[in-house]
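Structural description and commentary
Here is how the chains run, residue by residue.
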Amino acid sequence: MTSPGRNRSLSPRWVVAGLLVLGLIAAAWFYRSQMSIPAARAEPPTAATEGPTASGATRPSAPAAKLVVDRSAGDVSTRPRNPLDALRAFRYLEQICAIGPRPSGSPGMKKQQEAVQQHFEQLGGKVSLQKFHARNPLGGENVSLANVIVEWHPDRQERVLLCAHYDTRPLPDRDPNPEQRRSGVFIGANDGASGVAVLMELAHLMPQLDGDVGVDFALFDGEELVYVDGRDPYFLGSTWFARQYVRQPPQHNYRWGVLLDMVGDRDLQVYQEQHSVSWRDTRPLVKEIWATAARLGVDEFIPRARYQVQDDHLPLRNIGKIPTCDVIGFVDAFGQVPPGYWHTTFDTPKQCSPASLAKVGWVVYEWLKTQKSKQR
Ligand SMILES: [Zn+2]
């Protein structure tokens, strides 16, 4: 930028040219600001030409709209719109968190169970509880647990399993405050509620899912009924589910499993998980999902491995022989793996955003739709 003193000798022609350039910059800025308004909308900028945005902003004035069309006509016009409702997905997350802590066997878990069962049934899912018991790590009576299974299009033999854990860790045992580690309240907004919220939002789209591949949702209990690492076992629900699948094989077959965990971070970065991308049977699934994200322009999915996590996909794949990949954003806005707020009192809805939930759901949904075309 030049200092005002040097502009004195400018000719009128240059002034006119300068004004034109400024006008163009202003129009471009206006267009960009339209694009960045919708924290809650995950679709590409075609939305800017289609009327009010979710945040209530009105459509841009004619010159800016023209600029949008000129600049983006090519690839954006061929992209599908995100059919998920980001704000509604986020409300689900908030509602679940408002219940309070939801560790296995707790009153909070019971409330959540009732809430999700009612939600999925209202939308036409066939809901069942897969009940079982596990040793209480604190001693005393066994803990009652239940996986929630939701079937969509139960008549279809070839199926996909979409899953998430819905229990929360009993304590925030990585909190910076030692007092909190012993007796603090763990809400599990990203670690717990985010995966559930995405499935609750996806449920709206399941009844219309055509093709011949059916979908089951599984909400796993007892993913982390863990007070002491190394002593208390993880993955109780998914292990139970996988064993049942092998012991009493159902009529249907799971072609793939997709696990959603920690998918709500407001600065979402979903790298490929090391196990999922290195197992030979799940690598093609990882490639498909990240390719879908690339096709949609969801660049929060980064197509390289960055972390290896133990999660519910291990028993599903190792015991149940269901090739399952983990879709997990195990990094925070500062690039920390694991996220700094992980297993602390700071894992609250503030860490999450509507857009992140909607983008993950969109990738899964568009990937699901590719499953039908394969059989045609
Ligand atoms: Zn956890």
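Residues numbered from 1 in each chain as written. Predicted model: local features only at pLDDT ≥ 70, side-chain atom pairs only at ≥ 80, totals over all residues.

For the chain, the helix and strand inventory stands at 11 helices and 8 strands. For the chain, with 376 residues in total, the buried portion stands at 44%. The long-range share in the chain, meaning contacts at least 24 apart out of those at least 6 apart in sequence, stands at 78%. (Helix = DSSP H or I, 4+ residues; strand = E, 2+ residues; numbered from the N terminus. Buried ≥ 20, exposed ≤ 12 C-beta atoms within 10 Å, placed from the backbone. Contact = placed C-beta atoms within 7 Å.)

One open sheet accounts for 6 strands, arranged β1-β2-β4-β3-β5-β8; its pairing is mixed. Whereas interior strands pair on both sides, the edge strands pair on one side only; in this sheet they are β1 (126-134) and β8 (324-328). Strand-to-strand twist in this sheet, taken as the mean axis angle between neighbours without regard to direction, amounts to 20 degrees. Two elements, β1 and strand β2 (residues 143-152), share 9 bridges in a ladder whose sense is antiparallel. Residue pairing across strands places K126 opposite E151, the latter belonging to β2. (Pairing = 2+ DSSP bridges. Axes fitted to C-alpha atoms, helices over the stretch in contact; angles between N-to-C directions.)

A few words now on the pairing of β8. Taking burial as the measure, the 5 residues of β8 include 5 buried ones, the bulk of the element. Taking every second residue as pointing to the same face, both faces of β8 are buried, with T324, D326 and I328 on one and C325 and V327 on the other. Across 5 bridges, strand β5 (residues 253-261) lies against β8 in parallel orientation. Within β8, the residue paired with L260 across the bridge is V327.

Before going further, it helps to examine the confidence of the model for the chain. Low-pLDDT stretches of the model should not have their predicted coordinates read in fine detail. Summarising the model, the chain shows a mean pLDDT of 85, and 78% of its residues fall at 70 or more. pLDDT under 50 marks residues 1-11. Its contacts with residues more than four places away, or in other chains, come to 2 contacts. Within the model, pLDDT remains below 50 along residues 30-74, and this stretch shows 62 contacts once partners closer than five positions in the same chain are excluded. (pLDDT = per-residue confidence, 0-100.)

Next up on the list: the environment of V327. One can find V327 in strand β8. According to the C-beta neighbour criterion, V327 is buried, with 27 such atoms within 10 Å. When the C-alpha positions of V327 and V263 are compared, they lie 7.5 Å apart, and in sequence the two are 64 residues distant. Excluding anything up to four places from it in sequence, V327 contacts V258, L259, L260, V263, V270, I289 and V360.

Here we take up helix α3 (residues 86-98). Counted at 1.5 Å a residue, the expected span for α3 with its 13 residues is 18 Å, and the 18 Å between its end C-alpha atoms agrees. Those residues of α3 lying buried are A86, A89, F90, Y92, L93, I96 and C97. Here the buried residues of α3 occupy an arc of 150 degrees about the axis, which is enough to place them on one side. Looking one or two places after α3, you find G100, whose phi comes out positive at around 105 degrees. (Expected span 1.5 Å × (residues − 1). Arc of directions from axis to C-beta.)

Between its first and last C-alpha, helix α4 (residues 107-122) extends 23 Å over 16 residues, near the 22 Å set by a 1.5 Å rise per residue. When we look at burial in α4, the residues that qualify are M109, Q112, V116 and F120. Along the axis of α4, the buried positions cluster into a sector of 60 degrees, meaning they face one direction only. Set apart from the buried face of α4 by more than 90 degrees, the exposed residues are P107, E114, Q118 and Q122. Buried residues belonging to α4 abut α3, β1, β2, α6 (189-202) and β4 (213-220). Downstream of α4 by one or two residues, G124 has phi in the positive range, about 100 degrees.

To continue, consider the nonpolar core. One finds A89, L93, V196, A197, V327, L357 and V363 to be the most contacted residues of the largest nonpolar core, which totals 86 residues. If near-sequence neighbours (up to four positions away) are discounted, V363 is found in contact with I289, T292, A293, L296, V298 and F301. (Core = buried A, V, L, I, M, F, W, Y, C linked by C-beta atoms within 7 Å.)

The next thing to look at is the environment of V198. Tracing the sequence through the fold places V198 in helix α6. We classify V198 as buried; it has 29 C-beta atoms within 10 Å. Each residue touching V198, except ones within four places of it in the same chain, is listed here: A89, L260, V263, L357, V360 and G361.

At a minimum axis distance of 8 Å, the contact between α3 and α6 shows a crossing angle of 135 degrees. As the angle between them shows, α3 and α6 are arranged oblique. Along this stretch, α3 crosses α6, giving a crossing that reads as right-handed. Facing R88, A89, Y92, L93, I96 and C97 of α3, the residues of α6 in contact are A189, A193, S194, V196, A197, V198, M200 and E201. (Parallel < 35°, antiparallel > 145°, perpendicular 65-115°, else oblique. Left-handed = near helix turned anticlockwise from the far one by under 90°.)

Examined against the element boundaries, Y254 turns out to sit in strand β5. Looking at Y254, the number of C-beta atoms within 10 Å reads 19, which means it is partly exposed. In the structure, Y254 is positioned 68 residues away from I322 in sequence and 6.3 Å away in space, judged by C-alpha atoms. Those residues within four positions of Y254 in sequence are excluded, and the remaining contacts are R159, V160, L161 and I322.

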